Amino acid sequence: VQLVESGGGLVQAGGSLRLSCAASGRTFNGYSMAWFRQAPGKEREFVAGIRGSGGGTYYADSVKGRFTISRDNAKNTVYLQMNSLKPEDTAVYYCAANAESWSIRTSKDPYDYWGQGTQVTVSS
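Residues numbered from 1 in each chain as written. Predicted model: local features only at pLDDT ≥ 70, side-chain atom pairs only at ≥ 80, totals over all residues. Heavy atoms only, no water.

**Examining the overall build of the protein**
Where we set the bar: Helical segments are the DSSP runs of H or I of at least four residues, strand segments are the runs of E of at least two, and each set is numbered from the N terminus. We compute the radius of gyration over the C-alpha atoms and compare it with the globule rule, which gives 2.2 Å times the number of residues raised to the power 0.38. When accessible area is computed with a 1.4 Å probe and restricted to protein chains, residues below 20% of their type maximum are described as buried, those above 50% as exposed, and intermediate ones as partly exposed. Here, two residues are considered to be in contact whenever any of their heavy atoms come within 4.5 Å of each other. Areas reported here follow the Shrake-Rupley algorithm with a probe of radius 1.4 Å; residue values treat only the protein chains shown as occluding. For the charge count, each Lys or Arg is scored as positive and each Asp or Glu as negative, with His and the chain ends excluded. Every charge is mapped onto a representative atom, which is NZ of Lys, CZ of Arg, CG of Asp or CD of Glu.
Tallying secondary structure elements over the protein gives 0 helices and 11 strands in all. Listing every helix and strand of the protein by position from the N terminus yields β-β-β-β-β-β-β-β-β-β-β. A compact globule built from 124 residues should have a C-alpha radius of gyration of about 14 Å, and the protein, at 13 Å, falls within 12% of that. Across the 124 residues in the protein, those meeting the buried criterion constitute 45%. Across the protein, contacts joining residues at least 24 apart in sequence account for 60% of those joining residues at least 6 apart. Of the accessible surface of the protein, which amounts to about 6,200 Å², a share of 45% is contributed by carbon and sulfur atoms. Here the protein holds 13 positive side-chain charges and 10 negative ones, and the gap between their average locations is 5 Å.

**Details of the sheet that holds strand 3 (residues 17-23)**
Going by this rule: One bridge is not enough; two strands pair if DSSP finds at least two bridges between them. To obtain an axis, a line is fitted to C-alpha atoms, over the contacting stretch when the element is a helix, and the angle between two such axes runs from 0 to 180 degrees between their N-to-C directions.
If you trace the 4 strands from one edge of the open sheet to the other, you get 1-3-8-7, paired in antiparallel fashion. Since the sheet does not close on itself, it has two edges, and those belong to strand 1 (3-6) and strand 7 (67-72), each with one partner. Direction aside, neighbouring strands of the sheet carry axes that sit 15 degrees apart on average. Summarising the sheet, strand 3 and strand 8 (residues 77-82) pair through 6 bridges and their orientation is antiparallel. Looking at the pairing, Leu 19 lines up with Leu 80 of strand 8.

Interpretation in functional terms is not warranted from these geometric data alone.
Next comes the structure, spelled out in structure tokens:
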């Protein structure tokens, strides 16, 4: 599985961005998907995850109520809608795929595939 993120950029605080992650392969719904982020000097952290069927989601407390993860299995794409952005959301955002399609894992280790990342910068 190859993952390619897009949609990052520079936005003012309070603004919105939508990230996309396009996956190769024909078994996209066989993977749970997640977004992680990594700020300079910090560990990569879980942001949001979604089950392979799209029937369940989970969010980090820091983004709950502001970010929404979704997926379109017909298009092999997962999205992250980010609203009410804050300067502390500034990071490189990565999508990741886990072959345990029924499970949303918040640690990095279970994820088998990663994208190259897309930069999100929120100015104050």
